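The primary structure of each chain is shown beneath.
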Amino acid sequence: MKKQSKPKVAFFDFTDCEGCQLQFANIGSTLLDLTELVDIVNFREIMSEAGEDYDIAIVEGSISTDNDVKRIQKIREKAKVLVAFGSCATIGGVNGIKNRTSLELAKKRVYGDKADLINTIKAMPLHEVVKVDYKILNCPPYIPEIIAVLKCILMGKPYVLPNYALCVECKMNENVCRYEKDQECMGPVTRAGCNSWCVNNGNRCYGCRGLVDNPASEGAKDILLKYGLKLEDIMNSFTLYNDCQGEKFDQYLKK
Amino acid sequence: MKYAVINKEDLNKWLEHLKKKARLYAPKEKENLFVFRPVKDVSKICLEYIPTILPPKKYYFPQKEKLLKFQVNPFKTAKAIEEFEEFILFGVHTCDIAGIQCMDVIFRESPEDPNYLNRKEKMTIIGIECLKYCDEHANCTSMATHVPRGGYDLMMVDIDKVFIIHINSEKGEKLVTGLSYIKEAKDEDMFRLDRAREEKKKIFKEELAAPLPKVYDAFDKSFGSQVWKDVGKKCVACGNCTAVCPTCYCFDTADDMELSLNDGIRYRIWNSCQMDDFAKVAGGEDFRKGRDSRQRHRYYRKFKYPVDKFNRYFCVGCGRCTRTCMADISLKETVNSLIAGQSA
């Protein structure tokens, strides 16, 4: 491939913990190779200057205020490519928990008697407000996937997200199934692509990549109930990251 | 020499010998289950095991395998793997050997699969015959895979203080000859082997409710059965059943570019009919949309289609799909329900 002038990359964050950008900074020596391909012009975690001229906007965080809406629309106007980065930006992530109650109650809980001073709207992933070209899932993002998506952007190819359960990767890694040990796991309904990162390291799947397009919520609920979980706990498992995708399992769980 | 004998106390000595000959893979414990792993410490090998999480197919049909290297500019391609290494699979159950025989049928079919054949050529199989059931999920007697039926180089049978070893190939013979502690079996050993096999007949009984031709007939008539709806309702499409199956061989191919964006590899990766998009084609049409039709397809790929095409059942009775299913879909129960549905 002929090297043209390097595309300029800028990072932005909305409602989130900025852990995704930290994960980008954690890429290690490959980050140096990446700078051969792109110019990073705005990345407040690793540099002091902030350029306002960019081609690729990598955006983390959910949209949760009217100001957020205006700001992301401006970024969208400027950027040739907009990348939603991490769970909050792609599926709403833990911010979605706010949507379970009325906004008034949510504000009161957090800001108490100052609640009236705060503007807030329901938490949303970026694609509910603007067109998103690429999604990098996971909380925090999985470094090999960050690199895979960047390569696709540079080649002008779409990045196709797997539409099968995490179990597929987990089984290829020959992990002992969590259910085999009577431990719960969101693997069966969670979109693969992280190479079963958490389970490989002895943890459970929390569903941070969001649900597959067509999750078998009913079957999954039966499994969780079979392993002795209460409906309330199951709800918490399903909604920890995925409340913004609620309608996919509401019909089975919220009855 | 057709049969050899080794004392159990000499087994580790032999394993050390094998380790020097080629890369050695054998079953060992992983938490409460078992896996095939490269052998570092021969004392960790476990020969009394229920079928491993993944069958040994991962060594001749790896989960993710490089197929070719390429360069975009100037365009160039080359084989991804220049040389395959000799390896020994040690302690393989007869059901898994039957699985290898099924894979052979598939990958030798024209056009032959060079990567599979290259690996297979370097593979030596040392089996171990089960004299008791691994657990209640196996249906190996019904599939006639509970006894050795070829496809191996050496087959060990655990008889009291010794292993009697059937030598089935020249490659196998070379691994037992010239060693002071492995001797030719005597009549007395053969008598004990026969007696063990007689005892085995008392333990291993057909696990399915009808003999195989009847099973085939039941499948022939059950495409629209309610059984598939019931199975589909439980299924979460996690793909565990196909990943652990010794005879599932579907794969997808994809390219992976290096950061130079000029060099890359083409690889294949296991794929499965249980995945939502498996039968989706350009234009968005999906030929097996429901989990019920995908589960049905899996079963027909074991009990009907390969029988029509290759005159061979592609279920080897290892019981892995049942064991690994968190939704409790049981192969024995499903097949028996079909049989019952036909006789009702």
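Being a predicted model, the structure only gives us computed values, none of them experimental.

### Considerations on the overall build of chain B
Right, so step 1: Secondary structure assignment for chain B yields 13 helices and 12 strands.
Right, so step 2: For 344 residues, the compact-globule estimate of 2.2 N^0.38 gives 20 Å, and the C-alpha radius of gyration of chain B, at 22 Å, lies within 12% of that figure.
Right, so step 3: Across its three principal axes, chain B shows a C-alpha extent of roughly 65 × 65 × 40 Å.
Right, so step 4: By residue count, 57% of the 344 residues in chain B fall in the buried class.
Right, so step 5: Long-range pairs, those at least 24 residues apart, make up 73% of the contacts in chain B between residues at least 6 apart in sequence.
Right, so step 6: Charge-centre separation for chain B: the mean point of 59 positive side chains lies 1 Å from the mean point of 51 negative side chains.

### Overview of the sheet that holds strand S1 (residues 3–7) of chain B
Each strand in a sheet pairs with its neighbour through backbone hydrogen bonds, running either in the same direction (parallel) or in the opposite one (antiparallel).
Residue and element names in this part refer to chain B.
Right, so step 1: One open sheet holds the 8 strands; their spatial order is S3-S2-S6-S7-S8-S9-S1-S10, and the pairing between them is mixed. What marks the edges here is a single partner per strand, and that holds for strand S3 (33–38) and strand S10 (182–184). Each neighbouring strand pair of the sheet contributes to a mean axis angle of 25°, computed without reference to strand direction.
Right, so step 2: Direction of pairing for strand S2 (residues 23–30) relative to S3: antiparallel, over a ladder of 6 bridges. Bridge pairing in S3 places Ala26 opposite Arg37.
Right, so step 3: Helix H3 (residues 94–108) rests against S3, strand S6 (87–92), strand S7 (123–128) and strand S8 (154–159) of the sheet, and its axis sits at about 150° to S7.
Right, so step 4: Strands S1, S8 and strand S9 (162–167) of the sheet are contacted by helix H6 (residues 187–203), whose axis makes an angle of about 80° with S8.

### Quick word on the sheet that holds strand S5 (residues 134–136) of chain A
Residue and element names in this part refer to chain A.
Right, so step 1: The 5 strands are arranged S2-S1-S3-S4-S5 in an open sheet whose pairing can be described as parallel. With partners counted over all chains shown, the strands left at the sheet margins are strand S2 (39–42) and S5, one partner each. Across the sheet, the axes of successive neighbouring strands diverge by a mean angle of 25°, strand direction being ignored.
Right, so step 2: Note that strand S4 (residues 81–85) and S5 share 3 bridges and pair parallel. Looking at S5, one finds that Ala84 is bridged to Lys135.
Right, so step 3: Its contacts with the sheet put helix H3 (residues 66–78) on strand S1 (8–13), strand S3 (56–60) and S4, and the angle it makes with S4 is roughly 135°.
Right, so step 4: Helix H6 (residues 143–155) contacts S3, S4 and S5 of the sheet and is inclined by roughly 165° relative to S5.

### Overview of the pattern of salt bridges
Right, so step 1: One pass over the structure, following the stated rule, counts 40 salt bridges over all chains.
Right, so step 2: Asp55 of chain A serves as the salt-bridge partner of Lys80 of chain A, at 2.6 Å between the closest nitrogen and oxygen. Here Lys80 of chain A, found in the loop between H3 and S4, pairs with Asp55 of chain A, found in the loop between S2 and S3; they are 25 residues apart in sequence, far enough to count as distant.
Right, so step 3: Relative accessible area serves as the criterion here: at 62%, Lys80 of chain A is assigned to the exposed category.
Right, so step 4: Where Arg209 of chain A meets Glu145 of chain A, a salt bridge forms, and the shortest distance between an N and an O atom there is 2.7 Å. With Arg209 of chain A in the loop between helix H8 (197–200) and helix H9 (217–226) and Glu145 of chain A in helix H6, the pair connects residues that are 64 residues apart, well separated along the chain. Taken individually, Arg209 of chain A and Glu145 of chain A each receive the classification buried, so the pair is uniform in this respect.
Right, so step 5: Through salt bridges with shared partners, one network takes in Glu65, Asp113, Arg119 and Arg268 of chain B.

### Overview of the domain arrangement of chain B
All names here are of chain B.
Right, so step 1: Looking at chain B, the domain boundaries give domain 1 (3–53 + 83–203) and domain 2 (212–246 + 274–343).
Right, so step 2: Of note, the centres of domain 1 and domain 2, computed from C-alpha atoms alone, are 29 Å apart.
Right, so step 3: With 24 residues of domain 1 at the interface, the matching set in domain 2 holds 19 residues.
Right, so step 4: Interface area, domain 1 with domain 2, both sides summed: about 1,800 Å², of which 60% is carbon and sulfur.

### Brief notes about helix H7 (residues 212–220) of chain B
Two residues of an α-helix separated by three or four positions point the same way, owing to the 3.6 residues in each turn.
All names here are of chain B.
Right, so step 1: Three or more residues of H7 are buried, namely Leu212, Val215, Tyr216, Ala218 and Phe219. Looking down the long axis of H7, one finds its buried residues gathered within 160° of arc, a one-sided arrangement. For H7, the exposed residues lying more than 90 degrees away from the buried face are Pro213 and Lys214.

### Quick look at the domain arrangement of chain A
Residues and elements named next belong to chain A.
Right, so step 1: Under the domain assignment, chain A is made up of domain 1 (3–155) and domain 2 (166–253).
Right, so step 2: On a C-alpha basis, the centroid separation for the pair domain 1 and domain 2 is 25 Å.
Right, so step 3: Interface of domain 1 and domain 2: buried area, both sides summed, is about 1,500 Å²; carbon and sulfur atoms make up 56% of it.
Right, so step 4: The interface formed by domain 1 and domain 2 holds 1 salt bridge in total.
Right, so step 5: Classifying every residue of the side of domain 1 that touches domain 2 gives 10 nonpolar, 7 polar and 2 charged.

Rules used throughout
Residues numbered from 1 in each chain as written. Chains lettered and ligands numbered in written order. Predicted model: local features only at pLDDT ≥ 70, side-chain atom pairs only at ≥ 80, totals over all residues. Heavy atoms only, no water. Helix = DSSP H or I, 4+ residues; strand = E, 2+ residues; numbered from the N terminus. Rg over C-alpha atoms; globule rule 2.2 N^0.38 Å. Buried < 20%, exposed > 50% of the residue type's maximum accessible area, 1.4 Å probe, protein only. Contact = heavy atoms within 4.5 Å. Lys, Arg positive; Asp, Glu negative; His and termini not counted. Charge placed at Lys NZ, Arg CZ, Asp CG, Glu CD. Pairing = 2+ DSSP bridges. Axes fitted to C-alpha atoms, helices over the stretch in contact; angles between N-to-C directions. Salt bridge = Lys/Arg side-chain N within 4 Å of Asp/Glu carboxyl O. Domains from an automatic or database assignment. Buried area = accessible area lost by both parts, 1.4 Å probe. Arc of directions from axis to C-beta. Nonpolar A, V, L, I, M, F, W, Y, C, P; charged D, E, K, R; others polar.

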